[in-house]
Every structure is written in structure tokens, then in C-alpha cells.
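What follows is each chain in one-letter form.
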Amino acid sequence: MATLTRVCGIVGYVGHRQALDVVLDGLRRLEYRGYDSAGVAMLDGAGGLAVERAAGALSNLEGKLAGQDGSRFTATSGMGHTRWATHGAPTDRNAHPHRDAAGKVAVVHNGIIENFAALRAELETSGVEMASETDTETAAHLVAAAYASGPTAGELTASVCAVARRLEGAFTLLVTHADEPDKIVAARRSSPLVVGVGDGENFLASDVAAFIEHTRDAVELGQDQVVTIDRGGYRVTDFDGAEVQAKPFTVDWDLSAAEKGGHDYFMLKEIEEQPEALENTLRGHFVNGGIVLDEQRMTEQDLRDIDKVFVVACGTAYHSGLLAKYAIEHWCRIPVEVELASEFRYRDPVLGRDTLVVAISQSGETADTLEAVRHARTQRARVLAICNTNGAQIPRESDAVLYTHAGPEIGVAATKTFLAQITANYLVGLALAQARGTKYSDEVAREFEELAAMPQAVRQTLSTVDQVRTLGRELADSKAVLFLGRHVGYPVALEGALKLKELAYMHAEGFAAGELKHGPIALIEDRLPVVVVMPSAKGRALLHSKMLSNIREIQARGARTVVIAEEGDEAVRPFADELIEIPAVATLLQPLVSTVPLQVLAAEIARARGYDVDKPRNLAKSVTVE
Ligand code: M6R
């Protein structure tokens, strides 16, 4: 079976340092994008290319390189790759970089070349023997052929342009040629690629994290563009070779944000960073008494005319979207539908000029969400993106953008970006309410003040970490865990269950507590842990009393109850086998505090079961294919 390359980390370097060190450091920072195999390629000093590849984690590649003749890998330009494969075994043979038959061209790739079967057949007919099962290898042979003869002969950039024009699908390709030393050419379509601009050195990467140690000056590339880097600079063209002006930007976080900082795992650090993530998300979004977005290519009148909102997102971002519905409907009196991005365009949703589609994506490159955005735009709907990654594809294709500014999230499980997305959703809700006049400016200001108090409330919630960790170790041998919530506690229950599934590989389900007696209560058995997210006794008295009844029902059937409740909720205490107290906050804001113990619980259960919480099996941070 052919092997397609999906979500990967890519690094390229041309400069004055040892490329191997720079590339391996960069790959280490990108390993969250895939950890099925890894590889590097660079000039070998004898007119050819030195390539090494290894299946499995990056450490396997490092082990292989350590046992080698060091003189093969001393070049000052080179590139590398970490891979997350979905088809075919992640073997040494299928690992990137891939080469042409002469070993002069090396290619690393993220994405899928959709017409690779036809290209492969064409190459095989012309006598090329494939060394791997990958789609990527076809690109190496095609570049070699374009470089060898015809109008692009001897021109690497022109050869890559010519090949890129023939490829279908989504791809970032980095290409090097032994005959054009100290140059890397990259092509991009619907797949991430940024340039890092240094002093006498330049970088290419899927994500700025790969080069942030060396430079914060970056350049974002547009759709269907090719960039060539050498020591002296970079040059960007379209696929036809016409020069284009690329957009420079400065990365607004530094190396420490991409390091573990004394924590065993990035995820644990990222949980602790949540108060700052919220502060940074709020900063700059409330100016002169009003909510401001980061980018707005639609008018105030467009916002006023919105009569329907769809929220589209995947996974954790979808859970944050469920919360957007509560806020936007409540504040703006507009109907809101929340939809899994992967389902959205296939059911022909009713969209028009007055529909706002809010696309939520940490990475800004999730293929399902991107395609939902594209579908919405073909139907002339407006799109507002909530994103954590500057200049990613989803914000680029949207009419308005609110960045979450939560900083890099390396752990595959979303934590701080979930809280930042909830906050951003509420900012969008307030912006709409303000534009449509459903809230006076003093009311908007009051809501913002409450949001501004949340970093402190999250800080206070972090004091429960030790208690939750102890509990996590006790629950590590459970067969399953259920999560119950009502109202805004329901998406929190779903998120708690998702975290546990993805990190601890444990069966976990989140339910709206009212649904219990319609089926799920049959799952309750002796000592089954059930985590209950309790509504506020003061803010939501009716829901609180209904939830108390639900807890009694499950306790009577033997469940072990773990209750997350507001401080001072004495009514629930007798029914909680374990009570985790969170600060009392406004109803809509409770998810910002009630989620925190659930993140810690999932991480601790996973650790107690011996799993790497930063790199759960089978997953990658960004899913760039549908
Ligand atoms: O980058 P995105 O926010 O678009 O990613 C969406 C989901 O893939 C993501 O939230 C995923 O569910 C996380 N692994 C959850 O922890």
C-alpha cells in the first residue's frame, strides 16, 4: 500500500552553524507534530548528500547518528523531518527525506500529494524505480528530472516551481540539490511553512518554534508560493516564478515559552501557564470601552446584519465552541449552531451573506475546519477565525480574526488554548453584542471586567493540583470514568472525558446529567468513578438541585463520586466521595475554572499508567488532512 505523509514537522537551515545541530534542535521542538519517524539530509562534502532516517521517535535517529562517521554531517545547510503517518508502516524506508535515483535531490514533505498514483505510474513507465511506498518520493524524482533537462535545467527554484504546478493536494515541500549547495527551496499549498530570517542564516519550518532560539523575525508565506533561502536572504515567488511580496512578522514569544522550564512534561507547564494565557488573550482586545478584534475585513454594518451564527471546530476547540453558543445566544439574541467541522459542509448547511461562521482552531491549519471555512465562503457567509497561530491558513482565509495569544502549546492535548478559546469566544460574543446594540457599553465593560478577573481565579484553582494528582493515582486502575455536567458544565464534562481518552487510553464518556436516566445510568456499577461538574448553588439554584438528585441517583447505584463544586457548596458535600473546590465565578465563566482539575486528573492518571502525556499514541498536534 502506498504511504501518504500527513502531519509532519519540517526544518530547513542555511547559515554558518553546523546544520545538524540546528535541524535536530528544531525537530525536537516540532516533535509534537509527529513522532512516527524522523530523518535529516545535508551535503556530505563529497558532492553528494548525507541522509539518515529512523523509524520511531527522534531519539532513534539521534542514536543512529551518534554511531556514524561524524564527518558526513558537518555541512552548514541541511534539512530534517518528523513524521506522522496514517497509511503504511512508519519504517526507516518510508521515513523522510526521500531522494532521486542519483541521490542528488532530497525532499521532505508535509501533506498529501493527491495525484501521486498517476505521477508514480508516469515515473515508473519512464524507468524510475521507487525506493519507498511514499507519495513524497515522486516529488524527488520529478524535481531531479526537471533539473536535468528542459526549460528549468540547472535551476533548482524553477524546477521546484514546475513540479509544484503539477502537484495536487496539500503540501509543504523542502528540496535541496547537491549541485546547488547552501540553498533550500520550499513550496507551499494549504500546509504550514514559515521563514525565519537571521543574520547570515535563514530557516524554514512548519512552525516558528523550530527556530525561535535563533531569531524572532519571520515571514509568512501565502498559498501556492515558493521560497528560496540561502545565507544572504530569502526570495518568494508564485508557482510561475513571478516575484511576490511576503509578509514579515515578529514572533511575540521567546524560547522559554517553548521549553519545559523544569516540568516533566510540556502539558503540565501549559496547565500552569493558563492564567498568563488568559491575560494575554484579553490584552489589547478591550480598547476605549469596546471589544476590538485583531483583524477585521468586514464592516460594523456587516456585523450588525448577522442573523445566524455557526461555530465550526474539532475536538477540544469544538467543546469551546459549545460554550460560545451559551454566551452568544444569551448576549446577542442570535441563534447559534455549533457543528463539528468535519460534518459541516457535507450536510449542505443554510448559509448566506448574513451568516457568521466562527471557526475555532488552535493551530489554524486543521483541515476539517479549513474546509468548513472554505465552504462557508463559497456560500458568501462571513468567517471569523479564533486562532492561536499567527498567520495560519484559517485566519488568512477569514474576514475577521481574534488571536488567542496563549503562546505555543507543545503538548498534544489542548489545555491552555482551550481556556483561551473560551475567553476568545466570549470576546467575540461581546463584540457582536456591542455591534448589534444588544448590550450597552457599560454592560460590555462589566462583562469584560469579570473576564479580566479570571486569570486570578484560575491561579487559585491551580492550588487543587496536589489533591487532584493524589486522586489521579488512586483512579489509575479504573476501567472507565464518566463525566457529568449541566448547562455550561456539559461541554466541560465532554472535555474532561476527551482528555482522559487521549492521554490515559481509558474509556471515558461525558454526558449531560439530565440524559443519565435515558440510558447511560445503566453503565453505573460499583465503584465506577463519576466526575460531576456542579452548577453554582447561588447562580443556578434550579440546576444545582437537579444535579444533587443526579448525584444521589448514581451514588445509590454504587458510583464513586468525584465532585467539582464551588467553594462553600455545603449541600453537595455529603454526596461527594471526593470534593474538589473551585472559586465561585459568574455562571458563563465557570468552565474556565472547572476544566482545570479535569486536565490535571487526566494527566496524572496517564502518568500513573506510564504514558507520555505530551505525545499520546496515534495522535499529532495538528491534523492537516480530513
Ligand atoms: O488546532 P485545532 O484547535 O484546530 O485542533 C483541533 C483538535 O484536533 C484538537 O483540539 C484535539 O482534539 C486535541 N488533541 C485535544 O486535546
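Everything that follows concerns the structure shown earlier in this document.
Each value, and the rule that gives it
- Residues numbered from 1 in each chain as written.
- Predicted model: local features only at pLDDT ≥ 70, side-chain atom pairs only at ≥ 80, totals over all residues.
- Heavy atoms only, no water.
- Helix = DSSP H or I, 4+ residues; strand = E, 2+ residues; numbered from the N terminus.
- Buried < 20%, exposed > 50% of the residue type's maximum accessible area, 1.4 Å probe, protein only.
- Contact = heavy atoms within 4.5 Å.
- Phe/Tyr/Trp six-rings, centres within 6.5 Å; stacked < 30°, edge-to-face > 60°.
- Lys NZ or Arg CZ within 6 Å of the ring centre and 35° of its normal.
- Near = heavy atom within 4 Å.
- Polar contact = N/O pair within 3.5 Å; in protein donor to acceptor, adjacent residues only side chain to side chain.
- Areas by Shrake-Rupley, 256 points an atom, 1.4 Å probe, with all protein chains shown as cover.
- Nonpolar A, V, L, I, M, F, W, Y, C, P; charged D, E, K, R; others polar.
- Expected span 1.5 Å × (residues − 1).
- Pairing = 2+ DSSP bridges.
- Axes fitted to C-alpha atoms, helices over the stretch in contact; angles between N-to-C directions.

Caption draft 1: Highlighting unusual backbone geometry. A cis amide bond links His-96 to the next residue, Pro-97, at an omega of 0°. With respect to the helices and strands, the residue Pro-97 is situated in the loop between strand S4 (77–83) and strand S5 (98–99). Here the phi dihedral of Ser-190 falls at roughly 50°; this positive angle occurs in a residue that is not glycine. Relative to the helices and strands, Ser-190 is located in the loop between strand S8 (184–189) and strand S9 (194–197). Positive phi is not limited to glycine here, since Arg-333 has a value of about 55°. On the basis of relative accessible area, Arg-333 is assigned to the exposed category, the value being 62%.

Caption draft 2: Up close: the side chain of Thr-404. Along the polypeptide, Thr-404 turns up in the loop between strand S22 (400–403) and helix H13 (416–436). Dropping the residues within four chain positions of it, Thr-404 is found in contact with Ala-277, Asn-280, Thr-281, Ile-386, Cys-387, Asn-388, Ala-420, Gln-421 and Ala-424.

Caption draft 3: Inspection of the packing of aromatic side chains at higher detail. Tallied over the entire structure, the rule returns 7 aromatic pairs. On the numbers, 5.7 Å between centres and 35° between planes, the contact of Phe-203 with Phe-211 is tilted. On the accessibility criterion, Phe-211 (1% relative accessible area) is buried. Plain terms: the ring middles of Tyr-505 and Tyr-611 are 4.3 Å apart, the flat faces sit at 40° to each other, and that makes the pair tilted. Here Tyr-505, found in the loop between helix H17 (489–504) and strand S24 (507–512), pairs with Tyr-611, found in the segment after helix H19 (590–608); they are 106 residues apart in sequence, far enough to count as distant. An aromatic cluster is built from Tyr-13, Phe-203 and Phe-211, whose rings are joined through pairwise contacts. Taking the ring centre of Tyr-505 as reference, the NZ or CZ of Arg-617 above it sits at 3.9 Å.

Caption draft 4: Summary view of the site of the ligand. In the vicinity of the ligand lie 14 residues, with Ser-361, Gln-362, Ser-363, Thr-366 and Glu-502 positioned nearest. Backbone polar atom of Ala-414 to an oxygen atom of the ligand: 2.8 Å apart, as the coordinates give it. One of the side-chain N or O atoms of Glu-502 is found 2.4 Å from an oxygen atom in the ligand. Its free accessible area being 410 Å², the ligand has 90% of it covered by the protein chains. Among the secondary structure elements, those contributing two or more residues to the shell around the ligand are helix H9 (315–332) and H17. Ranked by residue count, the leading element in the shell around the ligand is H9, at 3 residues. Taken together, the residues that form the shell around the ligand break down as 5 nonpolar, 7 polar and 2 charged.

Caption draft 5: Local environment of H9. Spanning 18 residues, H9 covers 25 Å between terminal C-alpha atoms, matching the ideal 26 Å at 1.5 Å per step. Extensive coverage of H9 is indicated by the burial of 13 of its 18 residues. Positive backbone phi, at 55°, marks Arg-333, one or two positions downstream of H9.

Caption draft 6: Representation of the sheet that holds strand S17 (residues 295–296) in the model. Taken in spatial order, the 6 strands make up an open sheet running S17-S22-S21-S20-S18-S19, and their pairing is mixed. Two strands lie at the open edges of the sheet, namely S17 and strand S19 (336–340), each paired on one side alone. With 5 bridges joining them, strand S18 (residues 308–313) and strand S20 (residues 355–361) adopt parallel strand pairing. Bridge assignment links Val-309 to a residue of S20, and that residue is Leu-356. Of the strands in this sheet, S18, S19 and S20 touch H9, which is tilted by about 175° from S19.

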